[in-house]
Amino acid sequence: ITDPLTGIHNRGYLMKRGELEMERVRRSIGKQSLSLGCIMLDLDHFKKVNDTRGHVAGDIVLKAVALRLRCCVRQYDVIGRYGGEEFVIFLPDTPFEQSLLVAERIGEKVRSEPIEIEGEQLLITASLGVSCSCEVDNSLTDIIKRADEGMYKAKAEGRDRVAWVNQVPV
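None of the values given here were measured: they were computed from a predicted structure. (Residues numbered from 1 in each chain as written. Predicted model: local features only at pLDDT ≥ 70, side-chain atom pairs only at ≥ 80, totals over all residues. Heavy atoms only, no water.)

Quick notes on the layout of surface pockets
Phase 1: Estimated volume of the largest pocket: approximately 150 Å³.
Phase 2: Surrounding the largest pocket, Asp-44, His-45, Lys-48, Val-49, Thr-52, Arg-53, Leu-122, Leu-123, Ile-124 and Thr-125 form its lining.
Phase 3: Ranked by residue count, the leading element in the lining of the largest pocket is helix α2 (residues 46-53), at four residues. (1 Å grid on protein atoms, 1.4 Å probe; cavity = no way out; pocket = protein on both sides within 12 Å on 5 of 7 lines; lining within 4 Å. Points joined across faces, edges and corners; volume = space filled by probe spheres on them. Helix = DSSP H or I, 4+ residues; strand = E, 2+ residues; numbered from the N terminus.)

As structure tokens, this is what we get:
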């Protein structure tokens, strides 16, 4: 259930927990209407870090980012490495507006503290996409897809920012 490099959840566990949280949301429709926020984060220009400083430096960056993610979320939020330099955070019982605030806080935390690699200070930024569950979602894949589209929108708009697409309020 744990990514061996970063110490956070791996993709398999992330998806299982996400499905459980999504099921809670589905059961609540028409009652208290719970929501599930989703943030997808991709490190900007990460390939350049690996290409110019080596994979050990890339590993240091991934570990540092994982620690920063933990500092920005609640204990019961679910953080996982989705693949490569992509991370996903599920925010149970969190509406879209609150999910946006968490994403902004994460982006600021990633950008504001340099990562030391071989005595040098390396500044890292991230592009983040945000989504939240809504009644038309058929699966967890729907909210992940919207967060992913938001992340690509953030990259297209210049990177180092938070973006979203087609968010329908619950």
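Things to note about the side chain of Ser-35
Phase 1: Examined against the element boundaries, Ser-35 turns out to sit in the loop between α1 (11-28) and β1 (36-43).
Phase 2: Note on Ser-35: relative accessible area 9%, which makes it buried.
Phase 3: Within the structure, the side chain of Ser-35 is placed 3.0 Å from the backbone oxygen of Thr-94, a separation counted as a polar contact. (Buried < 20%, exposed > 50% of the residue type's maximum accessible area, 1.4 Å probe, protein only. Polar contact = N/O pair within 3.5 Å; in protein donor to acceptor, adjacent residues only side chain to side chain.)

Considerations on the nonpolar core
Phase 1: Of all hydrophobic cores here, the largest spans 34 residues; its most connected members are Ile-39, Leu-41, Leu-43, Val-61 and Ile-106.
Phase 2: Elements supplying a minimum of two residues to this core: β1, α2, α3 (55-72), β3 (86-92), α4 (96-112), β4 (115-117) and β6 (126-132).
Phase 3: Looking at which element gives the most residues to this core, the answer is α3, with eight residues.
Phase 4: Not counting the four nearest positions on each side in its chain, Leu-41 is found in contact with Val-65, Leu-69, Glu-85, Glu-86, Phe-87, Ile-106, Ala-126, Ser-127, Leu-128 and Met-151.
Phase 5: Counting 16 residues, the second-largest nonpolar core is a separate cluster that includes Leu-14, Met-22, Leu-36 and Val-88. (Core = buried A, V, L, I, M, F, W, Y, C linked by side-chain atoms within 4.5 Å. Contact = heavy atoms within 4.5 Å.)

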